[in-house]
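Descriptive analysis of the structure
Chain by chain, the residues run as shown.
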Amino acid sequence: VQLQAFGGGLVQAGGSLRVSCAASGRTLSNLNMGWFRQAPGKEREFVSSVNWSGRNTYYSDSVKGRFTISRDDAKTAVYLQMNSLKPEDTAVYYCAAVEGRAYMGTRSAFRYDYWGQGTLVTVSS
C-alpha cells in the first residue's frame, strides 16, 4: 500500500486543521492506521491511531481531547482533525499503517510497515 499525507499548512494558535492520508494500491481492509509527527531536532512520536475496524482509537496524552482520528474505508482515507492547535504541535505529520487484527494501539514507529511522506503543520503563536 502507498500512503500519501496532505493537508498541512500554517495556522494560528487556537485554530483547526485537518490532515488527510490517502491510500492506494489496496484497500484499507485489515490495516491499522496511525499518525506520527516529528518536530525539528526531535524524534518521531506517536500522535494517534485507529484500528482496522474503526472501533478503537488511541491518542497520545498531548493531543487527547483536541485531535480526532477517523477513517473512511470506502475512500481509502484516514483523517486527523486537529483543534485548539498549539505552537508545540508544529511538526511534519506522517501517516503509517500496520496490518493485523491483534492491534492494540502500538505507539512504536518500528511496528508500522507502511509510511507516507509527511505533511508540514506549522502553528504560529
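Just above, that's the structure.
As the structure is a prediction and not an experimental result, all values here were calculated from the model.

1. Considerations on the side chain of Ser 20
- Its place among the elements puts Ser 20 in strand 3 (residues 17-24).
- Ignoring sequence-local partners within four residues, the contact set of Ser 20 consists of Gln 4, Ala 5, Phe 6, Trp 35, Val 78 and Tyr 79.

2. A few points about the state of the cysteines
- Applying the stated rule across the entire model yields one disulfide.
- Note that Cys 21 is cross-linked by a disulfide to Cys 95, the S-S spacing being 2.2 Å. Between Cys 21 and Cys 95, the S-S torsion sits near 65°, and that sign places the bridge as right-handed. Linking Cys 21 in strand 3 with Cys 95 in strand 9 (residues 91-99), this pair joins segments that are 74 residues apart in sequence.
- Here Cys 21 falls in the buried class, since its relative accessible area comes to 1%.
- Assessed through its relative accessible area of 1%, Cys 95 is described here as buried.

3. Thoughts on the nonpolar core
- If you look at the biggest cluster of nonpolar residues, it comprises 29 residues, and the most contacted ones within it are Leu 3, Met 33, Trp 35, Phe 67, Leu 80, Met 82 and Tyr 93.
- Elements that contribute at least two residues to this core include exactly strand 1 (2-6), strand 3, strand 4 (31-38), strand 5 (45-50), strand 7 (67-72), strand 8 (77-82), strand 9 and strand 11 (119-124).
- In this structure, Phe 67 is in contact with Arg 37, Val 47, Tyr 59, Leu 80, Gln 81, Met 82, Asn 83, Leu 85, Asp 89 and Tyr 93, ignoring residues within four places of it in sequence.

Parameters at a glance
Residues numbered from 1 in each chain as written. Predicted model: local features only at pLDDT ≥ 70, side-chain atom pairs only at ≥ 80, totals over all residues. Heavy atoms only, no water. Helix = DSSP H or I, 4+ residues; strand = E, 2+ residues; numbered from the N terminus. Contact = heavy atoms within 4.5 Å. Disulfide = S-S within 2.5 Å. Buried < 20%, exposed > 50% of the residue type's maximum accessible area, 1.4 Å probe, protein only. Core = buried A, V, L, I, M, F, W, Y, C linked by side-chain atoms within 4.5 Å.

Shape descriptors only; they carry no functional weight alone.
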